[in-house]
Amino acid sequence: ADAVGDDQELRGQLLKIQVKARAQFDRADGHVPMSIERSWIAYATAFRVPVILIAIERDTDQCWWLWVQEWALIHEDELANAATKTVTVRIPEAQTLAAGLDGELPHIAEGRPASAMT
């Protein structure tokens, strides 16, 4: 939505959000690794609307985000060849929710990135 005076004007651009919260997340090489069920990744990739995974660390109130469909495209071979029930996604620590709301997330909702067309 755009601010219009004291109100908001809706743009009609959507994102689906899945929130995963933990007291603390581990960090590894500048990333926040999370184990996600492969069946949920398959479910999320079936949507035409962008699905964003939000990782919330309750102890610090930090939040990171990952565009699930783009991640799945990049890791397509890994997903096809893995026989496990879960996969580990690695969210860059710099990919905070605050930074995303001021940067990439509105563009994803608008369908601007090339991977949105896929």
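So, a few notes on the structure that sits alongside this text. (Residues numbered from 1 in each chain as written. Predicted model: local features only at pLDDT ≥ 70, side-chain atom pairs only at ≥ 80, totals over all residues. Heavy atoms only, no water.)

1. Examining the pairing of strand E7 (residues 86-92)
And step 1. Judged by which residues are buried, E7 turns out to be one-sided: Val87, Val89 and Ile91 face inward and are buried, whereas Thr86, Thr88, Arg90 and Pro92, on the alternate face, are not.
And step 2. Pairing geometry for strand E4 (residues 31-37) and E7, over seven bridges, is antiparallel. Its bridge partner lying in E7, Pro33 is registered against Arg90. (Buried < 20%, exposed > 50% of the residue type's maximum accessible area, 1.4 Å probe, protein only. Helix = DSSP H or I, 4+ residues; strand = E, 2+ residues; numbered from the N terminus. Pairing = 2+ DSSP bridges.)

2. Remarks on the packing of aromatic side chains
And step 1. In total, this model carries two aromatic pairs according to the counting rule given.
And step 2. Centroid distance Phe25 to Trp64: 6.1 Å. Interplanar angle 90 degrees. Geometry classified as edge-to-face. One end of the pair, Phe25, is in the loop between strand E3 (16-22) and E4; the other, Trp64, is in strand E6 (residues 62-67), with 39 residues separating them in the sequence.
And step 3. Overall, the relative accessible area of 5% leaves Phe25 in the buried class.
And step 4. Overall, the relative accessible area of 1% leaves Trp64 in the buried class.
And step 5. Between Tyr43 and Phe47, the ring centres sit 5.1 Å apart and the planes meet at 90 degrees, which makes this aromatic pair edge-to-face.
And step 6. Take Phe47: its relative accessible area is 27%, and that puts it in the partly exposed class. (Phe/Tyr/Trp six-rings, centres within 6.5 Å; stacked < 30°, edge-to-face > 60°.)

3. Looking at the nonpolar core
And step 1. Counting 19 residues, the largest nonpolar core has Met34, Trp40, Ile41, Leu53 and Trp71 as its most contacted members.
And step 2. Among the secondary structure elements, those contributing two or more residues to this core are E4, helix H1 (38-45), strand E5 (51-57), E6, helix H2 (68-74) and E7.
And step 3. Beyond its immediate sequence surroundings of up to four residues, Ile41 is in contact with Ile36, Val68, Trp71, Ala72, Leu79 and Val87.
And step 4. Counting six residues, the second largest nonpolar core, distinct from the first, contains Ile52, Trp65, Leu105 and Ile108. (Core = buried A, V, L, I, M, F, W, Y, C linked by side-chain atoms within 4.5 Å. Contact = heavy atoms within 4.5 Å.)

4. Brief notes about the side chain of Gln95
And step 1. Mapping Gln95 onto the fold places it in the loop between E7 and helix H4 (97-101).
And step 2. Reaching out from Gln95, the side chain makes a polar contact with the backbone oxygen of Trp65 at a distance of 2.6 Å.
And step 3. Sequence-distant contacts of Gln95, defined by excluding residues within four places in its chain, comprise Cys63, Trp64, Trp65 and Leu66. (Polar contact = N/O pair within 3.5 Å; in protein donor to acceptor, adjacent residues only side chain to side chain.)

5. Quick notes on unusual backbone geometry
Leaving glycine aside, a negative phi is the common case for residues, and trans is the common case for peptide bonds.
And step 1. Although it is not a glycine, Asp29 sits at a positive phi angle of roughly 50 degrees.
And step 2. Checked against the element boundaries, Asp29 lands in the loop between E3 and E4.
And step 3. Classification of Asp29 by relative accessible area gives exposed; the value is 72%.
And step 4. Of note in the backbone geometry, Asp61 takes a positive phi value of approximately 60 degrees without being a glycine.
And step 5. By the element assignment, Asp61 lies in the loop between E5 and E6.
And step 6. Of the residues examined, Asp61 reaches a relative accessible area of 66% and is grouped as exposed.

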